[in-house]
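Residue-level structure breakdown
Next come the chains, spelled out residue by residue.
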Amino acid sequence: MDDTDTPADPAVRGRALLRSLRVWDTDLPPFDPAAAPADPLPLFWQWFVDVAGAGQVEPHTMSLATADESGRPDVRTLMLHDADERGWHFASHAGSAKGRQLAARPEAALGFYWPAQGRQVRVRGRVTTAGPEESRADLARRSTGALASALVGRQSEVLPGYEELVAASEAAWERAQAEPDAPAPSWTLYVLEPAEVEFFQGDARRRHVRLRYRRETDSGGDARWAKELLWP
């Protein structure tokens, strides 16, 4: 085999591919920030419906950023469970890495990226835990697979071998199918109460529209949302 038959280094091929990629090779929807509602929640749900209708795969997935006790950042992708007047909802085991981090530092940020329409939503704020009853109800609404995973537990712990996971998963699936109301005590519903919510609408000419909602308290002590545009 001569040099011409040798596959290129993956890093070389990867960099070449990276430099060739383009974004937003489609018409992007307009966004008039002047017509945005006073509250960010209705706009979030409208964008969510719009991107799902545009074919966005898994629009309910989002990045969750937290920090540990030392202040080191961490991020992962998980699913949105709801968004209402209290905030944006997600769930995990209390003993997981994110559960421990949120217990130590109950502040977090969420990031949604919806390339089908060149849109992003960023949410920052304080995180609280829902009560056991609401956490159980959240798990009950999910699939058998989700319950089985919750019953396995031990999220983020060191796994000695994949075979151990297979055995634990098989047992959990059997229990989840036999007991659809089986409790998973560590399963916790979290609610991120937003202090800031930013809506980003991409533009092919890089004249992106960034609208930020920022929660303020007026002289009477009442909370309200202030809206402001940001340079892209």
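First things first, this report covers the structure right here in the doc. (Residues numbered from 1 in each chain as written. Predicted model: local features only at pLDDT ≥ 70, side-chain atom pairs only at ≥ 80, totals over all residues. Heavy atoms only, no water.)

**Digging into the overall build of the protein**
The condition is simple: A run of DSSP states H or I qualifies as a helix once it reaches four residues; a run of E qualifies as a strand once it reaches two. Both are numbered from the N-terminal end. Each residue's exposure class comes from its accessible area (1.4 Å probe, protein chains only) as a fraction of the maximum for that residue type: buried when under 20%, exposed when over 50%, partly exposed otherwise. The contact criterion used is simple: two residues touch if any of their non-hydrogen atoms lie within 4.5 Å. The Shrake-Rupley method, run with a 1.4 Å probe sphere, supplies the accessible areas, and residue values consider only the shown protein chains as cover. Charge assignment: positive for Lys and Arg, negative for Asp and Glu; neither His nor the chain ends contribute. To locate a charge, take atom NZ for lysine, CZ for arginine, CG for aspartate or CD for glutamate.
The secondary structure content of the protein amounts to six helices and nine strands. Taking the principal axes of its C-alpha atoms as reference, the protein extends roughly 75 × 55 × 40 Å. In the protein, which comprises 232 residues, the share counted as buried stands at 35%. Sequence-distant contacts, at least 24 apart, represent 64% of the contacts inside the protein between residues at least 6 apart. About 14200 Å² of surface is accessible on the protein, with carbon and sulfur atoms providing 52% of the total. Across the protein, the centroid of the 28 positively charged side chains sits 6 Å from that of the 35 negatively charged ones.

**Points about the environment of G14**
Considering the arrangement of structural elements, one finds G14 in helix α1 (residues 10-20). By relative accessible area, which is 33% here, G14 ends up partly exposed. The sequence separation of G14 and A226 amounts to 212 residues, and the corresponding C-alpha distance is 43 Å.

**Some details on the packing of aromatic side chains**
Heads up, the condition is: The rule is short: rings of Phe, Tyr and Trp, with Trp giving its six-membered ring, pair when the centres are within 6.5 Å, and they are stacked under 30 degrees, edge-to-face over 60, tilted in between. Either the NZ atom of lysine or the CZ atom of arginine qualifies as a charge over a ring when it sits within 6 Å of the ring centre and within 35 degrees of the ring normal.
All told, the structure shown has 13 aromatic pairs when counted by the stated rule. Ring geometry for F31 versus W47: centroids 5.1 Å apart, planes at 80°, classification edge-to-face. Of this pair, F31 sits in the loop between α1 and α2 (40-53) while W47 sits in helix α2, placing them 16 residues apart in sequence. The two residues F31 and W47 agree in class, both being buried. Ring plane angle 15° and centroid distance 5.5 Å describe the contact between F90 and Y190, whose orientation is recorded as stacked. Within this pair, whereas F90 is found in strand β4 (residues 87-93), its partner Y190 is found in strand β7 (residues 187-201), the two being separated by 100 residues in sequence. According to the relative accessible area criterion, Y190 is buried, its value standing at 4%. Across from the ring centre of W47, 4.1 Å away, lies the NZ or CZ of R119, which sits over that ring.

**Observations concerning the pattern of salt bridges**
What counts, and what does not: For salt bridges, the criterion is a side-chain nitrogen of Lys or Arg within 4 Å of an Asp or Glu carboxyl oxygen.
Counted by the stated rule, this structure contains 16 salt bridges. One salt bridge in this structure joins R175 and E179, with 3.5 Å as the shortest N-O distance.

**With respect to the side chain of R210**
If you trace the backbone, R210 turns up in strand β8 (residues 209-217). Apart from the residues lying within four places of it in its own chain, the contact partners of R210 are R122, E198, F199, F200, E228, L229, L230, W231 and P232.

**Observations concerning the pairing of strand β9 (residues 223-230)**
Note the cut-off: A strand pair is defined by DSSP finding two or more bridges across the two strands.
The sheet contact formed by β8 and β9 spans eight bridges and is antiparallel. Of the residues in β9, the one forming a bridge with R212 is E228.

**Observations concerning the packing of helix α5 (residues 144-152) against helix α6 (residues 162-178)**
Note the cut-off: The convention used is that axes are lines fitted to C-alpha atoms, helices contributing only their stretch in contact, and that angles between N-to-C directions extend from 0 to 180 degrees. To sort the angles, those under 35 degrees are grouped as roughly parallel, those over 145 as roughly antiparallel, those from 65 to 115 as roughly perpendicular, and the leftovers as oblique. Less than a right angle of anticlockwise turn of the near helix away from the far helix marks a crossing as left-handed, whereas a clockwise turn marks it as right-handed. Each residue is assigned to one class: nonpolar for Ala, Val, Leu, Ile, Met, Phe, Trp, Tyr, Cys and Pro, charged for Asp, Glu, Lys and Arg, and polar for all the others, Gly among them.
Closest axis-to-axis distance for the α5/α6 pair is 8 Å, and the angle between their directions is 125°. Relative to α6, α5 is oriented oblique. At the point where α5 passes α6, the crossing takes the right-handed sense. Across the interface between the two elements, T144, G145, L147, A148, L151 and V152 of α5 pack against A168, S169, A172, W173, R175, A176 and Q177 of α6. Considering only residue class, the contact of α5 with α6 consists of eight nonpolar, four polar and one charged.

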